[in-house]
Amino acid sequence: MTSPYFTHGAVMTRSVNQRTRLSALGSKLKNKPPNPGPPVGLKEEEEETSICEDDGAAPSTHVLEPLKSEPAPLPPASSRRRKPLKVEYEERGPGLKVEYEERVPGLKVEYEERVPGLKVEYEERGPGLKVETERWEPPDWRIQLAHIREMRRSRDAPVDHMGAETCYEPGAPAPVRRFQVLVSLMLSSQTRDEVTAAAMARLRARGCTVEGILSTDDETLGRLIHPVGFWRTKVGYLRRTSLVLQQHFCGDIPDSVEGLVALPGVGPKMAHLAMSIAWGRVSGIGVDTHVHRISNRLGWLRTPSRTPERTRTALEDWLPRALWGEVNWLLVGFGQQQCRPLRPLCSECLNQSCCPSAHQPPPAKRTTPPKTPPTKRPQAGPTPSRTSPDRPPPPSSRVKMEAEQEERKLSPPSPSCPPRRQRGRNVL
């Protein structure tokens, strides 16, 4: 039996062949060229040969093992993050600039367009999102507003002396004055200021209070407010609104837009004007037909609007809040005198050089074609025969009949022949 170890009695030694191979392996490792990787060393444990004759201890062996290389320490977490990346792109044609920056947790993008003055900044930090947009403004709105102020300096429009600000009794108690302001605003819908002022004068003479409206029957109330627009519907609105004010507000009107809009017959325009006139607080822009029309003509809206409520929202997005209470009075009087719905006086307007709608013909009214009565389909029936009276006679017989009629007309009637009836007619 061949074994690297053999015993001579109690002595444990190593064979010569094993020592030769170990020395050859050590010389190869020493003469090997350096490796770019981590160095690997060998450590040889010195073996001590012990003679354990008396106690019989276990022999020690000689083991070759590679040296364990210690792993290189990792850099700190802050240095392992990706470096910020920033790329800037600019196009000189339309004036477009894009700036892109990437951070480890967040993203930031800046977009700037110089032509219309738009700037957007987008930043994302973890779960949050942040978007900032520069406020849009019409290009010449300050010049246009200054011109309108100049044209409204005389204060001689119908809204100046017949508007809701002048339709209440100055000496009445505060709740009564506020109620009269609300009633005048409800009557002014789809009605000219002259008609509204006359109807309010008749109501004040009768007693324009909550109790006075409730004690008046519908027929009398209709005669007092006639001929305002939709006067029959407004009679019901006035009665129901007065009942709600008496039961829930002690005869006064609500002091908030939400409370006013909840009343029957009160819309957003009336609510914002009532808050401004009755309570002295500006809560929004009162947009009526004049403000809606002029805002679209002057280009004060980013996109044309079709309803006054959308016009109000678009104006409040960019118009400074300090001008909300003034813009209704300015544009209503301007629309009554210069910028009229039909045939506006563009030649007398100071904004004719900066108004995009100046000297343009008004849109033509849509005319609906007259309704044509439906054509009656012929009723199904038997096919007319050749002898049927509905079928026209052939050309030869028609010529004969015409010739006979001509002869009868030329020949005088016989005196002996009495007149006879033929198909309901007297034939002489």
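Just so it is clear, the structure is predicted and the values come from calculations on it, not from any experiment.

Here we take up the pattern of salt bridges. Counted by the stated rule, this structure contains nine salt bridges. Close ionic contact of Arg 149 with Glu 326 constitutes a salt bridge, the shortest N to O distance being 2.9 Å. With a gap of 177 residues between them, Arg 149 in helix α3 (residues 141–151) and Glu 326 in helix α14 (residues 324–337) connect regions that are remote in the sequence. Classification of Arg 149 by relative accessible area gives partly exposed; the value is 33%. Glu 219 is the partner of Arg 223 in a salt bridge, and the nearest nitrogen-oxygen pair spans 3.5 Å. With Arg 223 and Glu 219 both in helix α8 (residues 218–225), this residue pair falls four residues apart, about one helical turn. As far as the burial class goes, Arg 223 and Glu 219 line up, both exposed.

Within this model, the largest pocket holds a volume of roughly 1200 Å³. The wall of the largest pocket is formed by 46 residues, among which Ser 188, Lys 269, Asp 288, His 290 and Val 332 lie closest to the centre. Contributing elements (two or more residues each) for the lining of the largest pocket: α4 (158–162), α5 (174–187), α6 (193–206), α11 (268–277), α12 (289–298), α13 (308–318) and α14. Among the residues making up the lining of the largest pocket, the classes are represented as 17 nonpolar, 19 polar and ten charged.

Another point: the confidence of the model for the chain. Taken residue by residue, the chain gives an average pLDDT of 75. The fraction at 70 or more is 55%. Segment residues 89–93 is flagged for pLDDT under 50; beyond a separation of four residues in sequence, or across chains, it makes six contacts in the model. For residues 107–126, every residue scores under 50 in pLDDT, and the model assigns this stretch 61 contacts once sequence neighbours within four places are set aside.

The contact between α6 and α8 brings their axes to 8 Å, and the two run at 135°. Regarding the angle of α6 to α8, the classification is oblique. Taken together, the residues of α8 that come into contact with α6 (itself represented by Ala 199, Arg 202, Leu 203 and Arg 206) are Thr 220, Leu 221, Arg 223, Leu 224 and Ile 225. Its residues assigned to classes, the contact of α6 with α8 comprises five nonpolar, one polar and three charged.

Here we come to the packing of aromatic side chains. Working definition: an aromatic ring pair is given by the centre-to-centre distance plus the angle between the planes. Following the criterion strictly, the structure yields three aromatic pairs and no others. Ring geometry for Trp 141 versus Trp 318: centroids 5.1 Å apart, planes at 70°, classification edge-to-face. You can see Trp 141 sitting in helix α3 and its partner Trp 318 sitting in helix α13, a full 177 residues away along the chain. Under the relative-accessibility criterion, Trp 141 is labelled buried at 3%. For Trp 318, a relative accessible area of 1% corresponds to the buried category. The interplanar angle of 85° and the centroid separation of 5.9 Å between the aromatic rings of Trp 300 and Trp 318 together place this pair among those described as edge-to-face. Within this pair, whereas Trp 300 is found in the loop between α12 and α13, its partner Trp 318 is found in helix α13, the two being separated by 18 residues in sequence. Every member of this aromatic cluster is reached through a ring pair, and the members are Trp 136, Trp 141, Trp 300 and Trp 318. Across from the ring centre of Trp 329, 4.4 Å away, lies the NZ or CZ of Arg 152, which sits over that ring. Here the basic side chain of Arg 178 rests over the ring of Trp 279, its NZ or CZ set 4.2 Å away from the ring centre.

Quick notes on the rules
Residues numbered from 1 in each chain as written. Predicted model: local features only at pLDDT ≥ 70, side-chain atom pairs only at ≥ 80, totals over all residues. Heavy atoms only, no water. Salt bridge = Lys/Arg side-chain N within 4 Å of Asp/Glu carboxyl O. Helix = DSSP H or I, 4+ residues; strand = E, 2+ residues; numbered from the N terminus. Buried < 20%, exposed > 50% of the residue type's maximum accessible area, 1.4 Å probe, protein only. 1 Å grid on protein atoms, 1.4 Å probe; cavity = no way out; pocket = protein on both sides within 12 Å on 5 of 7 lines; lining within 4 Å. Points joined across faces, edges and corners; volume = space filled by probe spheres on them. Nonpolar A, V, L, I, M, F, W, Y, C, P; charged D, E, K, R; others polar. pLDDT = per-residue confidence, 0-100. Contact = heavy atoms within 4.5 Å. Axes fitted to C-alpha atoms, helices over the stretch in contact; angles between N-to-C directions. Parallel < 35°, antiparallel > 145°, perpendicular 65-115°, else oblique. Phe/Tyr/Trp six-rings, centres within 6.5 Å; stacked < 30°, edge-to-face > 60°. Lys NZ or Arg CZ within 6 Å of the ring centre and 35° of its normal.

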